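Secondary and tertiary structure notes
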Amino acid sequence: MRLKNSAGLCLLLLLGGLSGCGVYSFTGANISPDVKTASIQTFYNNSPLGPSNMSVLFTEKLKDYFTKNTSLTLVQDEGDLQFEGTIENYTLTPVAPQANNTSGLSYSALTRITISVKVSYTNTKDETFNYQSRNFSFYRDFDQNSTNLSSEEQSFVEEIFDQIVLDIFNSSVANW
């Protein structure tokens, strides 16, 4: 009997604590109750390099993340929250040069793919959160001697986009 009362008390405290959280969610989103919609325009690829499907891939990843992690309804235009931007850069950079002992030439043991995205965010309900032309960037290193870039590039790009989408989410609705 005593255990039953303790469990009931714990449940009551837990529910009381959660009710004080307001509009905060377990994803970290802190969205005002009067914000109901979001519009995410196509992020065009302005980078001369990278896979041809980056524009569609990034835009859909951003839409999917907001759909899964908020209760917002996606609308075509003029949402309460508005996102637009471009994929600005896709670079391959050697990050770990090594000398080849037999020929004296140097080569890169690791290569870094870096992608940068420029985002404009408008919160029509609270302009203090707006930002114009904020850059988000992330990278993925790979061993070019043991990895075939042409077969792995798509998964690398998706991994980079996952992090950039999370950063955009955190900077807009999680207010981090």
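If you're wondering where the values come from, they're calculated on a predicted model, not measured in any experiment.

**Some remarks on the environment of Ala 174**
Take Ala 174: it is sitting in the segment after α3 (149–172). Between the alpha carbons of Ala 174 and Ile 31 there is a distance of 7.7 Å; along the sequence they are 143 residues apart.

**Some details on α3**
For α3, with 24 residues, the first-to-last C-alpha span of 33 Å sits near the 34 Å given by 1.5 Å per residue. Summarising the contacts, the buried residues of α3 are in contact with α2 (54–69), β4 (81–94), β7 (110–123) and β8 (131–143).

**Details of the pairing of β4**
When a strand is regular, its side chains alternate between the sheet's two faces. Across three bridges, the pairing between strand β1 (residues 37–40) and β4 is parallel. Following the sheet pairing, Ala 38 is matched in β4 by Leu 81. Here β4 pairs with β7 via 13 bridges, running antiparallel. Counterpart to Ile 87 in the pairing with β7 is Val 117.

**Quick word on the packing of aromatic side chains**
What the rule picks out here adds up to ten aromatic pairs. Their ring planes at 65° and their centres at 5.0 Å tell us that Phe 58 and Phe 161 sit as a pair that is edge-to-face. Of this pair, Phe 58 sits in helix α2 while Phe 161 sits in helix α3, placing them 103 residues apart in sequence. By the burial criterion, Phe 58 is buried, and Phe 161 matches it. Ring plane angle 65° and centroid distance 5.2 Å describe the contact between Phe 66 and Phe 169, whose orientation is recorded as edge-to-face. On the criterion of sequence distance, the pair formed by Phe 66 in helix α2 and Phe 169 in helix α3 is long-range, its members being 103 residues apart. Residues Phe 66 and Phe 169 agree in their burial class; the two are buried. Ring pairs connect the aromatic residues Tyr 65, Phe 66, Phe 83, Tyr 121, Tyr 131, Phe 136 and Phe 169, which therefore count as one cluster. Note that Arg 112 overlies the ring of Tyr 139, its terminal NZ or CZ placed 3.8 Å from the centroid. A cation over an aromatic ring shows up here: Arg 134 above the ring of Tyr 131, its NZ or CZ 4.1 Å from the ring centre.

**Details of the confidence of the model for the protein**
In this model, the protein carries an average pLDDT of 84, and 76% of its residues clear a pLDDT of 70 or more. Ranking the elements of the protein by mean pLDDT puts helix α1 (residues 2–19) last with 49 and β1 first with 98.

**As for unusual backbone geometry**
Its identity is not glycine, yet Glu 78 carries a phi of approximately 55°, on the positive side. As for its position among the elements, Glu 78 is in the loop between β3 (73–74) and β4. We classify Glu 78 as exposed; its relative accessible area is 71%. Although it is not a glycine, Ser 133 adopts a positive phi angle of roughly 55°.

What counts, and where the lines are drawn
Residues numbered from 1 in each chain as written. Predicted model: local features only at pLDDT ≥ 70, side-chain atom pairs only at ≥ 80, totals over all residues. Heavy atoms only, no water. Helix = DSSP H or I, 4+ residues; strand = E, 2+ residues; numbered from the N terminus. Expected span 1.5 Å × (residues − 1). Contact = heavy atoms within 4.5 Å. Pairing = 2+ DSSP bridges. Phe/Tyr/Trp six-rings, centres within 6.5 Å; stacked < 30°, edge-to-face > 60°. Buried < 20%, exposed > 50% of the residue type's maximum accessible area, 1.4 Å probe, protein only. Lys NZ or Arg CZ within 6 Å of the ring centre and 35° of its normal. pLDDT = per-residue confidence, 0-100.

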